[in-house]
Every structure is written in structure tokens, then in C-alpha cells.
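Single-letter residue listing:
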Amino acid sequence: MIHIQKIALPETGRVLVISDIHGDLHLFQQLLKKVSYTPADTLILNGDLCERGPSSLGVIRYARKLMDSSSRVFITEGNCDRLIHHVFDNDPTVFDHLAQHPHSVMNEWIEEQGKTIADFDSVPALAAFYRQTCGAEIDWLFSLPTALEADHYLFIHAGIDDRADWRETSHRSAVAIPHFYTRTHQCEKNVVVGHWPVVNYRSEAITCHNPIIALDKRMICIDGGNQVRFDGQLNALIIERNPQGDRIRFTSADHFHKLATITQSYTPPADFIGTLNYPHYAVRPLKRGTYFSLCENIALGLTQWIKNEYLEKKDDGFTAADDLSCSGLPVRAGDQVAVVDDGCAGYTLIKKEGSVGWVPKQFL
């Protein structure tokens, strides 16, 4: 049984929901400032405070400070917040994980004490170190509820099993179930999740990191791919409470501060659309163009235009170098856009209101 904490949301006022901060303290604070957060708001952090970004400890400590200063701050556990359990389970792959993921809270705890991985000759020795030096923070992470149940909402990091007794959802599903939006559930409430970047659901659509608010499915997915995709963002879901019915909207923050103005409108061809997402990088080139190659995405069976600079030869085939927009982005003259990648020939990758795509350089 998962740990479900029941909470009472105010009848009026704002409920702010943020998930998958992933150690990005600067962007988290920037987003709170953008939404003008005050202790009068209810703030819910829906899992994955840690990993990937440069300051997991900074996020943990700031989140604890927010919680200590207000009874309206609630935090659920995410799969990344509990990775240290592998140490206490004596998992021999822990040292490989630490070597491959320098931006891990487990590495930050080690570095804070002036040590390195080389100072530990076994997993039990590492476990003893963590218990002695940072046991209180680990206990706090392990104490976080798996879900928060309110009147019309269930806040849970990844999702729930499709069963009538959904409160019996497995812990693994609660914190790590993939593709939740493609599933169904039997909870009578709107289930608000992070964990799975929303762009992963948009392989055949314009690349977009904005939340998916699907009240007909009783699902709201808010993971903007921050620190997971290079063009991602940190989303804040804003639920404005009202006895006559809640209003739900969102805003976001990202790391793209170089702006450009569109000089003339651009409408991309109808087939210039789609998103290439992990782990479906293997492609088969069909037609080579000056700036893009038309490729078959082998796993998905889709045809996608991939920027030539992001196409790599690998073994006996080809692969995309990273998660990537395969979309042209419609824009109008006078639009202000953020520049994501202006180092490629012919086209610039831009971002506008959460959507990411390519426009010809002469249009900026």
C-alpha cells in the first residue's frame, strides 16, 4: 500500500503545483518569483526534487525551508528522491551510477564532506557514511508521502494502476509508471502527475513542453522536461480555487534568455512536424536534403525531418544525437521568441510559449 496523505485545499485561493525540479534550484526560485508565490498560496512539489541538475541539495534544503515556514506546503516523493535506497540495499551497481551521474544528490553529499567515490571500498562502507553524515536528510526524503489526496485532485509523481481499488497501487507504479497519459484509471479525481515529460506524448505533433490538461480523462501531466531535454522547461500548474468551479492555467520558466524578433511570418510545410524522443533515436534516412534529412523513425514507424547536424552514423545505421524537435514552428512577424540553437546551417531552433521548432534564419 502506498502512503497517501489526505490534505484540505482552501475553497478559494491558489494552489501551485510543480514537479521534476531535478536539482535546478535557480530555475525553481525563478519560477516561484514568476508566479509571485507567497505563503498564502498552497504549494505542492510533486516529486523528483533531486538528480540531474547542479544543486540537488540546494533544492532539498530550500524545499524543507519552505515546508517548515508554511503549513500550506506539501511534497510528494519521486523515484529520483529515493535512489539512495540502492545503497542501503547493497546494490553493487551504485558505484557505476555515481560515476555516470556526477549531478546526483549522492555525489553532492560525498563532495560536501570533502571526499570522493575513491574513498569508499564497498557499498556497506558508503552506506555507513551516508547514515552518519546525512541521515536526517535521508530520513526526511523517505518520510515524504507517495500521494496527496484532496477533494477533487490526487497529486502523485507518476500515476496509479487502473484498478477500482486504486489506493492499492503499487509503489513502483506510483513513482515510476511510464506513459501514464496513454492509460486509463478509475479514480474519481483529477490525477496530477509529473515524471514522464509531456513532450514524450507528442511524437506526431509540434514539439511542446506545456502541461497536458485533459479533464475528460481526469489527468493533468505537468513534467516540462527540465534537466531531461536540452530544450525543456519547469512548469507551474496554477489552480485558482472557486466554489463555483476551479480555473486551471499554467506558466513556466526555462534557461533560454537570448531573444530574437521574427521579421516575417513563416508557415512550415504540413509534413514538417513531430518530435524525436528518448529512447527512439535509431532512424533510417530516406532522403537527404540541404538542411534536413527525411528519416524513418525505426521504433515508431514515423517519418521525421531531422536536422542534418543532429544526424549521426552509428555502427551499421544512423541515430539522432539527442532528443530533438522535428517541427517547423509557425510564427508571425513581430513575435518575440527565445533562441535555443542558432549554430546550425540555414535554420534556427527557437522556442515560443513552450513550443520548440525550426525557422529559416532569414526570418529572424
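Computed from a predicted structure; not experimentally measured.

Criteria and thresholds
Residues numbered from 1 in each chain as written. Predicted model: local features only at pLDDT ≥ 70, side-chain atom pairs only at ≥ 80, totals over all residues. Heavy atoms only, no water. Helix = DSSP H or I, 4+ residues; strand = E, 2+ residues; numbered from the N terminus. Rg over C-alpha atoms; globule rule 2.2 N^0.38 Å. Buried < 20%, exposed > 50% of the residue type's maximum accessible area, 1.4 Å probe, protein only. Contact = heavy atoms within 4.5 Å. Areas by Shrake-Rupley, 256 points an atom, 1.4 Å probe, with all protein chains shown as cover. Lys, Arg positive; Asp, Glu negative; His and termini not counted. Charge placed at Lys NZ, Arg CZ, Asp CG, Glu CD. Pairing = 2+ DSSP bridges. Core = buried A, V, L, I, M, F, W, Y, C linked by side-chain atoms within 4.5 Å.

Q: It is not clear to me how the overall build of the chain should be interpreted in this structure. Could you clarify?
A: A tally of regular secondary structure across the chain gives seven helices and 23 strands. Since a compact globule built from 364 residues should have a radius of gyration of about 21 Å, the 22 Å found for the chain is in line with a globular shape. Burial statistics for the chain: of 364 residues in total, 55% are counted as buried. Here the analysis covers contacts within the chain between residues at least 6 apart in sequence; of these, 65% occur between residues at least 24 apart. Put simply, the chain shows about 16100 Å² of open surface, and 49% of that area lies on carbon and sulfur atoms. Across the chain, the mean location of the 35 positive side-chain charges is 5 Å away from that of the 45 negative side-chain charges.

Q: Would you mind showing me how to read unusual backbone geometry here?
A: What you tend to see is this: most non-glycine residues have negative phi, and most peptide bonds are trans. The linkage connecting Y278 with the following residue, P279, adopts the cis geometry, with an omega of 0°. Inspection of the secondary structure assignment puts P279 in the loop between β14 (275–276) and β15 (282–288). Phi angles above zero are rare outside glycine, and R218 is one such case at about 55°. Residue placement: R218 occurs in the loop between β9 (212–214) and β10 (219–221).

Q: Is there a simple way to think about the pairing of strand β7 (residues 190–193) in this case?
A: Burial along β7 is two-sided: N190 and V192 facing one way and V191 and V193 facing the other are all buried. Of the pairings in the sheet, the one linking strand β6 (residues 153–156) to β7 comprises three bridges and is parallel in character. Along β7, the bridge assignment pairs L154 with V191. Bridge count between β7 and β10: three bridges; the pairing is parallel. In the strand pairing of β10, V193 is matched with C221.

Q: In this structure, what is going on with the nonpolar core? I would like to understand it.
A: One recurring pattern in soluble globular proteins: nonpolar side chains tend to sit buried together. If you look at the biggest cluster of nonpolar residues, it comprises 45 residues, and the most contacted ones within it are I18, L49, W109 and Y130. Element by element, the count of residues in this core is highest for helix α6 (residues 123–143), at nine residues. Not counting chain neighbours up to four residues away, the residues in contact with L49 comprise I21, H22, G23, V59, I60, A63, I75, D81 and W140. Counting 32 residues, the second-largest nonpolar core is a separate cluster that includes A260, L311, C326 and V359.

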